[in-house]
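# Chains, contacts and geometry: an overview
This is what each chain is made of:
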Amino acid sequence: MGSLDANPAAFPAFNNSVVDGSFQPLNPDDVRAYLHKAVDFITEYYSNVESMPVLPDVKPGYLQDELTASPPAHSAPFDVTMKELRASVVPGMTHWASPNFFAFFPSTNSAAAIAGELIASAMNTVGFTWQAAPAATEMEVLALDWLAQLLRLPTSFMNRTGAGRGTGGGVILGTTSEAMLVTLVAARDAALRRSGSDGVSGITRLTVYAADQTHSTFFKACRLAGFDPANIRSIPTGADTDYGLDPAKLLEIMQADADAGLVPTYICATVGTTSSNAVDPVGAVADVAAMFNAWVHVDAAYAGSACICPEFRHHIDGVERVDSISMSPHKWLLTCLDCTCLWVRDAHRLSDSLETNPEYLKNDVTDSGEVTDLKDMQVGVGRRFRGLKLWMVMRTYGTAKLQEHIRSDVAMAKTFEGLVRADDRFEVVVPRNFALVCFRMRASGAMTEEVADEMNRVLMDRLNKSGKAYLAHTVVGNRFVLRFAVGSSLQEERHVRSAWELIKKTTAEIMEEPIMQ
């Protein structure tokens, strides 16, 4: 099998999609030929991605310069399209699939997920109601209930229980941002009703809460849901709680708001923050929220996947007392983008705020109340068949292999953490959780923290420009910190150790330079 930049096969003399003068975009011969070529490309890509620079060396606008700026008027052989894909698109990609990618939380994938995505795309169903795509709705319900069982969520979050249809339920969304937005809307409406507001006139009294380590998308979702930015509380965290939310501070701030006549409405607790993998205490946060009847949402986008392993499940202890929880199998559970799973304890609280019921979507099954149309648990109406790939991953690999995948990544992160701690030039900034190590070159001798920050920035830039590894940074406790996230689907321990050797070599070079003197 050739490399990705190899010349394609000889171009066919005619376009199979045109038969007897008519355009046939789903001509069976074309479908078979094109997909075979696409599968060959994918296989070649995974075989070669390790040797490609993780970050591309391209400039903004490069692709328009390489490809025509105007759309083609006439058809071309599919091989021409594939040739341009290899020659122009691939060199401009940041390769998240590379085993040398350590920058952000992983975007994992698997053969089963790719197959599920391909089949779902081919079927191209639009499952806004049960009737519009019965199997798609049923599959999503089944996959969500399976995953809920792996996470040992209480039956109150299940679509189906042993006694029949449950009071809770789930939906697969695109991203965590959407999960936050729809639950914020439901919590907003519940708080307005609870406070006796006439319509949305009382929205300026509603307050929401999260730790300062919470993903920035939360604060964006709050604005989209109509909350006054002045009423969005970002609660400071520190090393004393390993940058997790302090329930005592939360209670103090919520009580002050309530005393001022405001209405505490929603708390976002995170299990595995982006910057440092901090874990907010779910049970304690739920206890505080209960005093004010506020909605609690748990964002476990990344670390939720680890909770299928018994040794990590304690991180979501207390989940039975929250209102909603979301996690993203597209991050760490081998299910390609996009796939964020949201469960709520009371599905009606969500659908009451989000449902739409035009005449053309009315049908007997919906009217029976036996199903919740998934369009009523999301922002839009149209939706993709995401449940298929999630089900195919769980059905194909089973619980044991999925747990093995998580544990292998955590073991590699522990290995890297040990290498860092054994080198006195470096420090681990926060305790390692899951498969993320936050580390930096330490300030030594007469070096100030400001100089150390600059050295770490230089280290990251040189590592990334080398093309041999890609790391990202954050700021923790006012210090510039490198994030080393293990979890790419192709990663092995040798890649972790190779990255560490590159880090040591680059560090030694930097420390010899005049700026270090």
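Given the structure is predicted, the values throughout are model-derived calculations rather than measurements.

## What about the side chain of Arg-386?
Secondary-structure assignment places Arg-386 in the loop between α12 (364–368) and α13 (387–421). Overall, the relative accessible area of 10% leaves Arg-386 in the buried class. At a separation of 3.0 Å, a polar atom in the side chain of Arg-386 contacts the side chain of Asp-338. Every residue in contact with Arg-386, bar those within four places of it in the chain, is listed here: Ile-172, Leu-173, Gly-174, Asp-338 and Cys-339.

## Comments concerning the packing of helix α6 (residues 176–194) against helix α11 (residues 347–354)
Here α6 crosses α11 at 90°, and the two axes come no closer than 9 Å. Taken together, the axis directions place α6 and α11 in an arrangement best described as roughly perpendicular. Judged by residue contacts, Val-182, Thr-183, Val-185, Ala-186, Asp-189 and Ala-190 of α6 engage Arg-349, Leu-350, Ser-353 and Leu-354 from α11. Of the residues in the contact of α6 with α11, the class split is six nonpolar, two polar and two charged.

## Side note on the UniProt feature "modified residue: N6-(pyridoxal phosphate)lysine" (unreviewed entry) in the protein chain
Mapped onto this structure's residue numbering, the UniProt feature "modified residue: N6-(pyridoxal phosphate)lysine" (unreviewed entry) falls at Lys-331. Along the polypeptide, Lys-331 turns up in helix α10 (residues 329–332). For Lys-331, a relative accessible area of 23% translates into the label partly exposed. If we ignore the near neighbours within four places in the chain, the residues touching Lys-331 are Pro-106, Ser-107, Thr-108, Ala-301 and Tyr-302.

## Examining the packing of α6 against helix α7 (residues 216–224)
The contact between α6 and α7 brings their axes to 9 Å, and the two run at 40°. The angle between α6 and α7 falls in the class oblique. For the pair α6 and α7, the crossing hand works out as right-handed. Where α6 abuts α7, its residues Ser-177, Met-180, Leu-181 and Leu-184 lie against Thr-217, Phe-218, Ala-221, Cys-222 and Leu-224. Looking at the contact of α6 with α7 residue by residue, the class counts come to seven nonpolar, two polar and no charged.

## Topic: unusual backbone geometry
Comment: phi is negative for the bulk of residues other than glycine, and the bulk of peptide bonds are trans. Cis geometry marks the peptide bond from Leu-337 to Asp-338, where omega comes out at -5°. For Asp-338, the location among the structural elements is in the loop between α10 and β11 (340–344). The phi dihedral of Tyr-243 is positive, around 65°, even though this residue is not glycine. Secondary-structure assignment places Tyr-243 in the loop between β7 (232–235) and α8 (247–259).

## Describing the sheet that holds strand β6 (residues 206–211)
Ordered by their spatial adjacency, seven strands build an open sheet running β5-β11-β10-β9-β8-β6-β7, and the pairing between neighbours is mixed. Only two strands of the sheet have a single neighbouring strand rather than two, namely β5 (169–173) and β7. Ignoring strand direction, the axes of neighbouring strands in this sheet form an average angle of 20°. Two elements, strand β9 (residues 295–299) and strand β10 (residues 324–327), share three bridges in a ladder whose sense is parallel. Looking across to β10, one finds that Val-298 is bridged to Ile-325.

## Observations regarding the nonpolar core
Counting residues in hydrophobic clusters, the biggest one holds 95 residues, and the most contacted among them are Leu-147, Trp-343, Phe-439, Phe-484 and Ile-503. Element by element, the count of residues in this core is highest for α13, at ten residues. Both domains that meet at this core, namely domain 2 (167–366) and domain 3 (399–516), each give it at least three residues. Other than its neighbours up to four places away in sequence, Phe-484 contacts Phe-102, Phe-416, Ala-435, Leu-436, Val-437, Phe-439, Leu-471, Val-496, Ala-499 and Ile-503. Residues Leu-181, Val-182, Val-208 and Ala-221 belong to the second largest nonpolar core, which totals 34 residues.

## Describing the domain arrangement of the protein chain
Looking at the assigned domains, one finds that the protein chain contains domain 1 (3–84), domain 2 (167–366) and domain 3 (399–516). Placing a centre on the C-alpha atoms of domain 1 and another on those of domain 3 gives a separation of 38 Å. On the side of domain 3, eight residues touch domain 1, which itself brings seven residues to the contact. Summed over both partners, the interface of domain 1 with domain 3 buries about 540 Å², with 67% contributed by carbon and sulfur atoms. Considering only the surface of domain 1 that becomes buried against domain 3, Glu-50, Val-54 and Leu-55 emerge as the three largest contributors, covering 77% of it. For Glu-50, the salt bridge goes to Arg-494, with nearest N and O atoms at 2.9 Å.

## Topic: the pairing of strand β14 (residues 472–476)
With burial as the criterion, only one face of β14 is covered, namely that bearing Ala-472, Thr-474 and Val-476; the residues His-473 and Val-475 on the opposite face remain uncovered. Judged from the five bridges that link them, β14 and strand β15 (residues 479–485) form a sheet pairing that is antiparallel. Following the sheet pairing, His-473 is matched in β15 by Leu-482. In this antiparallel pair of consecutive strands, β14 and β15, the connection spans two residues, and Gly-477 shows a positive phi of 60°.

Conventions adopted
Residues numbered from 1 in each chain as written. Predicted model: local features only at pLDDT ≥ 70, side-chain atom pairs only at ≥ 80, totals over all residues. Heavy atoms only, no water. Helix = DSSP H or I, 4+ residues; strand = E, 2+ residues; numbered from the N terminus. Buried < 20%, exposed > 50% of the residue type's maximum accessible area, 1.4 Å probe, protein only. Polar contact = N/O pair within 3.5 Å; in protein donor to acceptor, adjacent residues only side chain to side chain. Contact = heavy atoms within 4.5 Å. Axes fitted to C-alpha atoms, helices over the stretch in contact; angles between N-to-C directions. Parallel < 35°, antiparallel > 145°, perpendicular 65-115°, else oblique. Nonpolar A, V, L, I, M, F, W, Y, C, P; charged D, E, K, R; others polar. UniProt positions renumbered as here; feature names shortened; annotations may be inferred. Left-handed = near helix turned anticlockwise from the far one by under 90°. Pairing = 2+ DSSP bridges. Core = buried A, V, L, I, M, F, W, Y, C linked by side-chain atoms within 4.5 Å. Domains from an automatic or database assignment. Buried area = accessible area lost by both parts, 1.4 Å probe. Salt bridge = Lys/Arg side-chain N within 4 Å of Asp/Glu carboxyl O.

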